[in-house]
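Chain residues, written in single-letter form:
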Amino acid sequence: MNPKQPALKKTKEVEVVDEEEGKKSKSGPELLRGFRDILPEEQGRWSFVRDTVRSLAQAYTFDRIDLPILERSDLFQRTIGKGTDIIEKEMYVFTDPSNRSVALRPEATASAARAYIEHGMLDRPQPVKLWYLGPMFRHDRPQAGRFRQFYQAGFEVFGGEEPIIDAQLILIGKKIFETLGIDVQVQINSIGTPECRQAYLTELVSYFRQFRNKLPDDDKRRLQKNPLRILDSKEEVTLGLLEGAPQILDWLDEKSKEHFMKTLEFLDEVEVPYVLNPYLVRGLDYYTHTVFEFLSAQDEGDKAQTALGGGGRYDGLVGLLGGRPTPACGFALGIDRIARALADKNINPPPFPQPQVFFAQLGDAARRVGLRLYEEFRVAGVPVAEAAGKNALKSQLEVANKLGVKLTLILGQKEVLDGTIIIRDMESGAQETIDSKKIVSIVQRKLGGDAGVVAATHSPVADS
Ligand code: HAM
């Protein structure tokens, strides 16, 4: 992408041409394709996912890391791999004002490895366990569940080569889904070491060469550039041919086989069911040994499964980036797709406890006192709704009704002069006038345990 070539070309004052789609669209604020707003009404689900990830990350003693969204583009080019879709066509790469080639991160494992090296984390007690949550960017073809900006929560463990680590990471992912109430299928495979993979690839290429003429162009290219990627193909012809293709598991060396068997044994031990998928290779080149995915549970009908997360071991990545060779393993979950899965199941928890109190005020003097009272309620941890823009009591009560609050506080000029406030029970309609100094404690008593106290678990900056 060249910043000097804007994607949107102005033709008239009011019309622009979207060069990507070749369609005319009205000028005015409009989302870029593949980007979206996560609206207040969706935030309940998003908070539920984020809070679940955070609480499991803490329970399994992972440390939070926040990584930059922009990195040098070669960090990804070197690690994700030249023949991959991400590098070939999906990265947002541009030249920054200092003439450096930079990229919006398409994933965060490479960044985590960079941070591990750059901050000398090798000198900390190993393994180093990190987790993150944030936006990633891939200029992929947008479709259901596929966005150009999407959010991932990731877990990375550096400095441990034991298969128990692979198994525990899969267990953590599975527990996150269990807590969210989403059924997933774990698919797993081993792609061994680069050495045993080389022998396998020779065999794979010679198998597919026989059918070269039948292969779609994309897969011909894969065969030449990065043959392992052919196993990722979604083309029907290729999928048919795959059935007779050599399987990587038969080419694993003894150590790789042992690593894989132990990983599976540990999974059996903690009763995580899995499906062996000999064609699972994942879309990134840095993996070694174990690779796995969390797929939406297969529907009754023939609906395709969606990858809600995936990961694997990447023992060569830290060394590839110039650090001391360090075994590592991790996974990332697709938050957008998980939030969608919750919506499909009609799960929509409120983002925060809904306010149970509404504050109606009449006149400027009441507004002034109201401002102070509002602060008192906030300090006491009782959320209070209001409709400050409305003047008439009737329209304010209408809002209160819509919100479904239990109590409405009414403050008019007379009450301001008397130092009182009216408290109205919205269900019975009963009203009483009370000393405004006692209002917070009386409201708290009336609400009992249902004050709608906002839980302070949320850090919007860290979650962005
Ligand atoms: P990935 O499989 O490319 O792996 O992405 C992980 C998850 O992110 C996917 O399973 C999917 O749920 C979600 N995802 C990917 N692309 C999109 C998209 N365009 N729109 C919506 N959701 C998407 C990685 O990124 C590795 N870094 C995972 C990892 C961590 N491996 C080791 N450590």
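To be clear, the structure that these remarks concern was listed above.
Keep in mind the model is a prediction, meaning the values are calculated, not measured.

**Structural notes on the site of the ligand**
For step 1, the next point in the chain: Residues in contact with the ligand amount to 25 residues; listed here are only the nearest, E107, T109, E156, R282 and Y287.
For step 2, the next point in the chain: For the ligand, an oxygen atom lies 2.9 Å from a polar atom in the side chain of R138.
For step 3, the next point in the chain: Within the contact set of the ligand, an oxygen atom lies 2.8 Å away from a backbone nitrogen or oxygen of A307.
For step 4, the next point in the chain: For the shell around the ligand, the secondary structure elements donating two or more residues are β9 (149-158), β13 (307-313) and β14 (328-334).
For step 5, the next point in the chain: For the shell around the ligand, the element with the highest residue contribution is β13, accounting for 6 residues.

**Some thoughts on a negative patch on the surface**
For step 1, the next point in the chain: The grouping of E265, D268, E269 and E271 at the surface amounts to a negative patch.
For step 2, the next point in the chain: Within the secondary structure layout, D268 lies in helix α9 (residues 254-269).
For step 3, the next point in the chain: Relative accessible area serves as the criterion here: at 44%, D268 is assigned to the partly exposed category.

**Some thoughts on the sheet that holds strand β6 (residues 93-95)**
For step 1, the next point in the chain: The strand order across the open sheet formed by 3 strands is β5-β7-β6, and the pairing between neighbours is antiparallel. At either margin of the open sheet sits one strand with a lone partner, and together these are β5 (70-72) and β6. Sheet twist, expressed as the mean angle between neighbouring strand axes with direction ignored, is 40 degrees.
For step 2, the next point in the chain: Lying over the sheet, helix α2 (residues 73-80) contacts β5, β6 and β7 (101-104), oriented at roughly 70 degrees with respect to β5.

**Details of the packing of helix α1 (residues 43-59) against helix α11 (residues 335-344)**
For step 1, the next point in the chain: With their axes 9 Å apart at the nearest point, α1 and α11 run at an angle of 120 degrees to one another. Relative to α11, α1 is oriented oblique. Seen from above, α1 lies across α11 with right-handed handedness. Where α1 abuts α11, its residues R45, W46, F48 and V49 lie against I335, D336, I338, A339, L342 and A343.
For step 2, the next point in the chain: Classifying every residue of the contact of α1 with α11 gives 8 nonpolar, no polar and 2 charged.

**As for the sheet that holds strand β18 (residues 420-425)**
For step 1, the next point in the chain: The strand order across the open sheet formed by 5 strands is β16-β15-β17-β18-β19, and the pairing between neighbours is mixed. One side of each edge strand has no neighbouring strand; the edge strands of this open sheet are β16 (384-386) and β19 (431-435). Averaged over neighbouring strand pairs, the angle between their axes works out to 30 degrees when direction is ignored.
For step 2, the next point in the chain: Where strand β15 (residues 357-361) meets β16, 3 bridges bridge the pair, whose relative direction is parallel. Bridged to F359 within β16 is E386.

Rules of the game
Residues numbered from 1 in each chain as written. Predicted model: local features only at pLDDT ≥ 70, side-chain atom pairs only at ≥ 80, totals over all residues. Heavy atoms only, no water. Near = heavy atom within 4 Å. Polar contact = N/O pair within 3.5 Å; in protein donor to acceptor, adjacent residues only side chain to side chain. Helix = DSSP H or I, 4+ residues; strand = E, 2+ residues; numbered from the N terminus. Patch = residues over 30% accessible without salt bridge, like charges linked within 9 Å, V, L, I, M, F, W, Y side chains within 5 Å. Areas by Shrake-Rupley, 256 points an atom, 1.4 Å probe, with all protein chains shown as cover. Salt bridge = Lys/Arg side-chain N within 4 Å of Asp/Glu carboxyl O. Lys, Arg positive; Asp, Glu negative; His and termini not counted. Charge placed at Lys NZ, Arg CZ, Asp CG, Glu CD. Buried < 20%, exposed > 50% of the residue type's maximum accessible area, 1.4 Å probe, protein only. Pairing = 2+ DSSP bridges. Axes fitted to C-alpha atoms, helices over the stretch in contact; angles between N-to-C directions. Contact = heavy atoms within 4.5 Å. Parallel < 35°, antiparallel > 145°, perpendicular 65-115°, else oblique. Left-handed = near helix turned anticlockwise from the far one by under 90°. Nonpolar A, V, L, I, M, F, W, Y, C, P; charged D, E, K, R; others polar.

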